[in-house]
Amino acid sequence: MEVKTSLLDNMIGVGDMVLLEPLNEDSFIMNLRNRFDHNEIYTYIGSVVISMNPYRSLPIYTPQKVEEYRNRNFYELSPHIYALADEAYRSLRDQDKDQCILITGESGAGKTEASKLVMSYVAAVCGKGQEVNKVKEQLLQSNPVLEAFGNAKTMRNDNSSRFGKYMDIEFDFKGDPLGGVISNYLLEKSRVCKQPRGERNFHIFYQLLSGASDDTLMKLKLDRDFSKYNYLSLDSANVNGLDDAASFRTVRNAMQIVGFMEAEVQSVLELVAAVLKLGNIEFKPESRVNGFDESRVKDKNDLKEMCELLGIEQSVLERAFSYRTVEAKMEKMSTTLNVAQAYYARDALAKNLYSRLFSWLVTRINESIKAQAKTRHKVMGVLDIYGFEIFEEGDNSFEQFIINYCNEKLQQIFIELTLREEQEEYIREDIEWTNIEYFNNAVICDLIENNQNGILAMLDEECLRPGTVTDDTFLDKLNTICAEHQHFESRLNKNSKFLTDHSLPHSCFRIQHYAGKVLYRVEGFVDKNNDLLYRDLSQAMYKATHSLMRQLFPEGNPAKVNLKRPPTAGFQFKASVGVLMKNLQTKNPNYIRCIKPNDKKVAHIFTDSLVCHQVRYLGLVENVRVRRAGYAFRQPYESCLERYKMLCKKTWPQWRGPARDGVEVLLTDCSVPTEEFAYGRSKIFIRNPRTLFTLEERRRACLEDLATLIQKIYRGWKSRTHFLLLKKSQVVVAAWYRRYAQQNKYQKIKSATLVMQSFIRGWKARNILRQLKYEKRCKEAVTTIAAYWHGTQVRREYRKFFRANAGKKIYDFTIQRIMQKYFLGLKTTTMSPMDNTWPAKPYGFLEGAHTQLRRIFHLWRCKKYRGQFTEEKKAVYEEKLEASEIFKDKKALYPSSVSQPFKGDYLEIQKNPKYQKLNSAMEEKVLLADLVNKINRANGKGSPRLFLLTKSNFVLADQKTGQVKASVPLPDLASVSVSTQSDGFFALKLKEGSASASKGDFLLSSEHLIEIITKLHRIGTTAADRDQINIDISDEFLVQFKQDKVCVKFIQGGPKNGNSAACKRKNNRLLEVSVPSP
Ligand SMILES: Nc1ncnc2c1ncn2[C@@H]1O[C@H](COP(=O)(O)OP(=O)(O)OP(=O)(O)O)[C@@H](O)[C@H]1O
Ligand SMILES: [Mg+2]
């Protein structure tokens, strides 16, 4: 169930001043103080919120609070600025009514803080999303930027807004923010050049010097030391609780979020630096011939740096500080400036530069935050404008006059709108309207703004008038024209009733504002209203190359020389206030009246006199009276019935009819006098707060009774439930206990039974076991006896058979064992046919078998050995065998050839490309190819020849060319002669009469003599068609060379060089071969 709360719950003092009883100034202030002491800084007057500045942070702005106030009715919770913001936002979103939030109060009362609270609340409750959040963030972040440039520490407020601000936040139909527009009003630019004691210049100067990096400062040609700058007041440069360096970072960050480009930020800082530099330019007089002094710049360094920062030609600016061009009747004249005028020009330039920079910033922020969508917007305006300002001792000047004028206008609109709203509500609710008396300040507004004889109009007239115009002539004029006005007071007026009023000095006038009397000093009115900047200066600025200067000083454009005076400051302000008022009138107003509790800017102090003064000039008591003139309290029927239904039996606990009828029944039942209330369409109107309090009192009493009743019923119910619970528990416990006891008993019986059972079973089993064991032993005994008996029987029967066969059996067995051992011993013999070993015979009786076995085994392993021979291997062995038959023991060379394999083709004639031609000339398969030496018979020296042997002939060919020298068919070969020694000489003797014999025999030598001759002999043996070739082995044989026969003789004895045999011709018939001795 939703809990209905009301602002009347837990109320400290009264939350709504309309209910204050009795209503007078004292009780009003007492109520404020009472609430302030209990940290209740917000109080209502109907729908107006009074906000007391707590000067400390209270835990009432948390996200939980936002949630608490979200979508709640205004009077439902205790007074809060969030309630007002919520009300305004909901009626904007749901009822499509444009809203404005007017925040007023004097300097330091908390207007700016209040405006930020409203904005942050709206930002928290409105729609979310990436785009929407960006818009929100930009809107919120515009505050720190504007505060840095437009706020300053004053005596009243460490963060005093020195400009008026009105911000329109635009929403779409869903209530999501789309963007905003900011309007600024009259920056207090005089502060740039001069600050009252104890006050500071605008924050940005201090922030820049404390927070910027060394690098940035160097670029801006600035020094961190405040004391270096004439425009910065030093006595309050550092303010407690203000961290300028941190604020600088916040401002830079905010500028970035709002959408300033890095270059733009730099340009802005350059202008700020330029203003500081400008303040340091000083002048000295220089006498001229005409007797006048002319001003000259004293130290040009600052001027130079400033010109560099702004990109101005130094000489142009220097001249503008010394001369002034006056145009009269199309003629240009140049007059010199004295030192005072030069200082005036310098300050005017600084003020203009800064204030125009400020306006540019506002325009630039507007560019960023303006709504993108072109759809119809709903608007919530937040006005945070400087509050009514009264300085003591008549120190009020033009600025205060303008500020107070603005406040008059706001009061005017307040009166108009509140009364109108009140009136409209009565009409809407069909209640009879009674006229309300109140002070209308329209007459004061008229005194100031009237177009014919208003103070502003006269000031303008004075400023434009030819001839000498001073502040005094202006005051004179005022005295003549406004003398009769009841709110204007001045001493100069001859007929004035104030002639003897010494609190009114001569150079002043006094206006009786709605908020009190304010004494204005006329000094500076004309100047400030004129707001003149010499054209030479604006033209010099226009010429600057700095990116912003042209935008800031458009009037300096020489192409657009405008002789018309620019509108005066007063005129501009009046116009912009007029626009603002028109704008506000179209919107539904919501008021926040800020009050400052003390002058010391500290928490917990409530100065009655100060608050009283503010309450008075804000007309708050009057405001309550107006609100109460008709009916003090109103409430929709539903909530009234909900709140008081317990006062009447018919409406309690539930009224089933329409709410209005219920309220009627209720009020009649409570016997409230009929003149005390009126029935509207949707609301009940209660004339006197006392009536409401009576109702509240009765309600409280009734609530107490109800509470007792509820308590009684609740206690009864609680005891009954407790008893029933106990009873139920007791039954459960008993049941559980019984079950437990039975279980225990059962378990005991069960285990006893088991024990007994097991004993009996054990006894039975042991009996059976004993019986079985006995039977088994009996059986075993019988078997043993039977076995012994059978054994005896069998032994007795078989003894005779055993003795007859035993000898043969043992013999057979022994022989078998011996043979086994013998055969296994033979296993060690190898398989090589060359192996002659054979184990010795172990027993004499094995002799015959032993020799036979050896022979058989040898034959068998030879057969095995032969079996693994291939055909080629066999041929090779046959050849070797043949060689042994021919040469063994006959020629000394033979033994060395045994180990050499017979390769046959030593030249590799098939493969070697060198012998390809020779190979192709051979008709048959070449059996042997080798390099031999053919011995020349003339000198016995050898010349190399290729020797090839086929089945049918041998060929001698040239070693280099491979050309066939001689080819001899084998049948022509008669015999071969070799020596008995280790040389390689051999002679191939041809048959006499054969075709080849004509060339004579061949005497050759070869390293493979044994192989060649064996091969020749083998061919002879295998060929059937010819005779065997004779092989003649002797140390002396004849060789037929052509016609001659020569004897070749072999002698032992080493030749002189080398160890191979050497052949030498001894004479015609003898060739001697000396063979080295072995
Ligand atoms: N609701 C608040 N909670 C805590 N402190 C507050 C609150 N309102 C104001 N203050 C304190 O009071 C100081 C002055 O408030 P603020 O700047 O809003 O005054 P102002 O009315 O805007 O004054 P001015 O007219 O000079 O601009 C703030 O700096 C802050 O310290
Ligand atoms: Mg402010």
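What you are looking at is a predicted structure, and each value in this text was computed from that prediction instead of being measured.

Participant: Can you help me understand the site of ligand 1 in this one?
Facilitator: Around ligand 1, a shell composed of 17 residues is seen, among which Ser107, Lys111, Thr112, Ser160 and Ser161 lie nearest. In the environment of ligand 1, an oxygen atom lies 3.3 Å from a nitrogen or oxygen atom belonging to the backbone of alanine 109. Note that an oxygen atom of ligand 1 is positioned 2.5 Å from one of the side-chain N or O atoms of serine 160. Burial of ligand 1 by the protein amounts to 86% of the accessible area it has alone, namely 620 Å². Split by residue class, the shell around ligand 1 holds 4 nonpolar, 9 polar and 4 charged.

Participant: Could you clarify how one ought to interpret the pattern of salt bridges in this entry?
Facilitator: Oppositely charged side chains can pair when the atoms bearing their charge come close. Scanning the model with the defined rule gives 56 salt bridges in all. We note a salt bridge from arginine 90 to glutamate 87, for which the minimum N-O separation is 3.9 Å. Here arginine 90 pairs with glutamate 87, and both are found in helix α3 (residues 81-95), just 3 residues apart, close to one helical turn. When the shortest N-O distance is used, the salt bridge between glutamate 642 and lysine 645 registers 3.6 Å. Through salt bridges that share partners, Arg162, Glu188, Arg191 and Glu199 make up one connected network.

Participant: Please clarify how the coordination of the magnesium ion (ligand 2) should be interpreted in this entry.
Facilitator: For a metal bound by four donors in a tetrahedral arrangement, the ideal donor-metal-donor angle is 109.5 degrees, while six donors in an octahedral arrangement ideally sit at 90 or 180 degrees. Taken together, the protein ligands of the magnesium ion (ligand 2) are Thr112 (OG1) and Ser161 (OG), with distances of 1.9 to 2.0 Å. With a gap of 49 residues between them, threonine 112 in helix α4 (residues 111-125) and serine 161 in strand β5 (residues 160-161) connect regions that are remote in the sequence. Side by side, threonine 112 and serine 161 carry an identical accessibility label, which is buried.

Participant: What exactly am I supposed to notice about the environment of methionine 52 here?
Facilitator: You can see methionine 52 is positioned in strand β2 (residues 48-52). C-alpha separation for the pair methionine 52 and serine 1006, spaced 954 residues apart in sequence, amounts to 140 Å. Once you skip the residues sitting within four places of it in the chain, methionine 52 turns out to touch Leu32, Phe36, Ile41, Ile595, Pro597, Phe606 and Val611.

Participant: Sorry if this is basic, but what is going on with the state of the cysteines here?
Facilitator: Should the sulfur atoms of two cysteines be covalently bonded, the bond is a disulfide. Within the structure shown, the criterion is met by 0 disulfides. In this structure cysteine 670 is a free cysteine whose sulfur lies 6.6 Å from that of cysteine 648, the closest cysteine sulfur available. With a relative accessible area of 4%, cysteine 670 lands in the buried category. Among the cysteines around cysteine 1047, which has no disulfide bond, cysteine 1063 carries the closest sulfur, lying 11 Å off.

Participant: It is not clear to me how the pairing of strand β30 (residues 1062-1067) should be interpreted in this structure. Could you clarify?
Facilitator: The side chains of a regular strand alternate between both faces of the sheet. One ladder, built from 5 bridges, connects β30 with strand β31 (residues 1070-1075); its direction is antiparallel. Bridging from a neighbouring strand, asparagine 1067 pairs with leucine 1070 of β31. Linking β30 to β31, which pair antiparallel, is a turn of 2 residues.

Participant: Hey, could you run me through the sheet that holds strand β19 (residues 683-686) in this one?
Facilitator: Within a beta sheet, neighbouring strands are joined by backbone hydrogen bonds and run either parallel or antiparallel to one another. Strand order in the open sheet formed by 3 strands is β17-β19-β18, and the pairing between neighbours is antiparallel. Among the strands making up the open sheet, the edge pair consists of β17 (633-636) and β18 (677-679). Strand-to-strand twist in this sheet, taken as the mean axis angle between neighbours without regard to direction, amounts to 20°. On the sheet, helix α24 (residues 659-669) packs against β18 and β19 and is oriented at approximately 155° with respect to β18.

Participant: What exactly am I supposed to notice about the packing of α4 against helix α5 (residues 130-150) here?
Facilitator: One way to put it is that α4 packs onto α5 with a least axis distance of 10 Å and a crossing angle of 165°. One element, α4, and the other, α5, form an angle in the roughly antiparallel class. Crossing of α4 against α5: the hand is left-handed. Two secondary-structure elements touch here, α4 through Thr112, Lys116, Met119, Ser120 and Ala123 and α5 through Lys136, Leu139, Leu140, Asn143 and Glu147.

Participant: How should helix α6 (residues 203-211) be read in this particular structure?
Facilitator: Turn by turn, an α-helix covers 3.6 residues, leaving residues three or four places apart pointing in a common direction. Burial of α6 is extensive: 8 of the 9 residues sit out of reach of the surface. Within the span of α6, buried status applies to His203, Ile204, Phe205, Tyr206, Gln207, Leu208, Leu209 and Gly211.

Participant: Please explain helix α20 (residues 569-585) as it appears in this structure.
Facilitator: Between its first and last C-alpha atoms α20 spans 24 Å; for 17 residues at 1.5 Å apiece the expected length is 24 Å, and the two agree. Taken together, the buried positions of α20 are occupied by Ala569, Gly570, Phe573, Lys574, Val577, Leu580, Met581 and Leu584. Down the axis, α20 shows its buried residues gathered within 125° of arc, on one side only. Turned more than 90 degrees away from the buried face of α20, the exposed residues are Val579 and Lys582.

Participant: Looking at this structure, I do not really get the packing of aromatic side chains. What am I missing?
Facilitator: Centre distance and the angle of the planes are the two values used to describe a pair of aromatic rings. As enumerated under the stated definition, the model contains 37 aromatic pairs in all. Among the aromatic side chains, those forming a connected cluster through ring pairs are Phe398, Phe401, Phe474, Phe488, Phe509, Tyr520 and Phe525. The ring of tyrosine 323 is capped by arginine 319, whose NZ or CZ atom sits 4.5 Å from the centre of that ring. Across the ring face of phenylalanine 414, the terminal group of arginine 593 is positioned such that the distance to the ring centre comes to 4.1 Å.

Participant: Could you clarify how one ought to interpret the pairing of β19 in this entry?
Facilitator: Burial along β19 is two-sided: the face carrying Lys683 and Phe685 and the face carrying Ile684 and Ile686 are both buried. Here 4 bridges tie β17 to β19, and the two strands are oriented antiparallel to one another. Across the sheet, phenylalanine 633 pairs through a bridge with isoleucine 686, a residue of β19. The pairing of β18 with β19 spans 3 bridges and is antiparallel. Each residue of the ladder has a partner; that of alanine 678, found in β19, is phenylalanine 685. Hairpin geometry of β18 and β19 is characterised by an intervening segment of 3 residues between the two adjacent antiparallel strands.

Participant: Can you walk me through the sheet that holds β31 in this structure?
Facilitator: Pairing is mixed across the open sheet formed by 4 strands, whose spatial order is β28-β29-β31-β30. Looking at the sheet topology across the chains shown, the edges are occupied by β28 (1036-1041) and β30. Neighbour-to-neighbour, the strand axes of the sheet open up by a mean angle of 30°, direction not taken into account. Taken together, the 6 bridges between β28 and strand β29 (residues 1044-1052) define a ladder with antiparallel strand orientation. Bridging across to β29, phenylalanine 1041 finds its partner in aspartate 1044.

Participant: Mind showing me how you'd approach the environment of valine 579 here?
Facilitator: Mapped onto the fold, valine 579 is located in helix α20. Overall, the relative accessible area of 56% leaves valine 579 in the exposed class. Sequence separation between valine 579 and alanine 540 is 39 residues; the distance between their C-alpha atoms is 33 Å.

Participant: Please explain the packing of α3 against α4 as it appears in this structure.
Facilitator: Two numbers describe how α3 lies on α4: the axes approach to 9 Å, and their chain directions differ by 55°. Between α3 and α4, the crossing angle belongs to the class labelled oblique. The handedness of the crossing between α3 and α4 is right-handed. Contacts between α3 and α4 involve Ile81, Tyr82, Ala85, Asp86 and Tyr89 on the former and, on the latter, Ala114, Leu117, Val118, Tyr121, Val122 and Val125. Per-class residue counts for the contact of α3 with α4 are 10 nonpolar, no polar and 1 charged.

Calculation notes
Residues take numbers from 1 onward in each chain, read along the sequence in its written order. All chains are assigned letters beginning with A, and all ligands numbers beginning with 1, in the order in which they are written. For a predicted model such as this one, the threshold for reporting local features is a pLDDT of at least 70, and the threshold for listing and counting side-chain atom pairs is 80 or more; totals across whole chains, interfaces and linings nevertheless cover every residue. Each side-chain value is worked out from all heavy atoms of the structure, with water and hydrogens disregarded. Residues are labelled near a given molecule or strand when at least one of their non-hydrogen atoms is within 4 Å of it. For the purposes of these results, a polar contact is taken to be a pair of N or O atoms within 3.5 Å, where, inside protein, one atom must be able to donate a hydrogen and its partner to accept one; residues adjacent in sequence count only when each atom of the pair is a side-chain atom. Where accessible areas are quoted, they stem from the Shrake-Rupley method and a 1.4 Å probe; at the residue level, only the protein chains shown are allowed to cover. Note on residue categories: nonpolar means Ala, Val, Leu, Ile, Met, Phe, Trp, Tyr, Cys or Pro, charged means Asp, Glu, Lys or Arg, and polar means any other residue, Gly included. One side-chain nitrogen of Lys or Arg within 4 Å of one carboxyl oxygen of Asp or Glu is enough to make a salt bridge. We count a stretch as a helix when DSSP gives it H or I for four or more residues in a row; a strand needs E for two or more, and each element gets its number in order from the N terminus. Atoms of type N, O and S within 2.8 Å of a metal are treated as its donors, and for Na, K and Ca the window is 3.2 Å; water is not considered, so some sites may appear to be missing partners. Relative accessibility under 20% of the residue-type maximum defines a buried residue, over 50% an exposed one, and the middle range a partly exposed one, all with a 1.4 Å probe and only protein chains included. Only heavy atoms matter for contacts: two residues are in contact if any of them lie within 4.5 Å across the pair. Here, a disulfide means two cysteine sulfur atoms that sit within 2.5 Å of each other. Note on pairing: two strands pair once DSSP finds at least 2 bridges between them. With axes taken as lines fitted to C-alpha atoms, and helix axes fitted only over the stretch in contact, angles between N-to-C directions fall between 0 and 180 degrees. Orientation labels follow simple angle bins: below 35 degrees gives roughly parallel, above 145 gives roughly antiparallel, 65 to 115 gives roughly perpendicular, and whatever is left gives oblique. By definition, any crossing whose near helix is turned counterclockwise from its far helix by less than a right angle is left-handed, and any crossing with a clockwise turn is right-handed. How far a helix is expected to stretch is found by multiplying one less than its residue total by 1.5 Å. Throughout, the arc means the angular range of directions from the helix axis out to the C-beta atoms. Aromatic rings from Phe, Tyr and Trp, with only the six-membered ring used for Trp, were paired whenever their centres fell within 6.5 Å, and each pair was classed as stacked if the ring planes differed by under 30 degrees, edge-to-face if by over 60, and tilted otherwise. We count a charge as sitting over a ring when the NZ of a lysine or the CZ of an arginine lies within 6 Å of the ring centre and within 35 degrees of the ring normal.

Bear in mind that shape data such as this cannot, by itself, settle questions of function.
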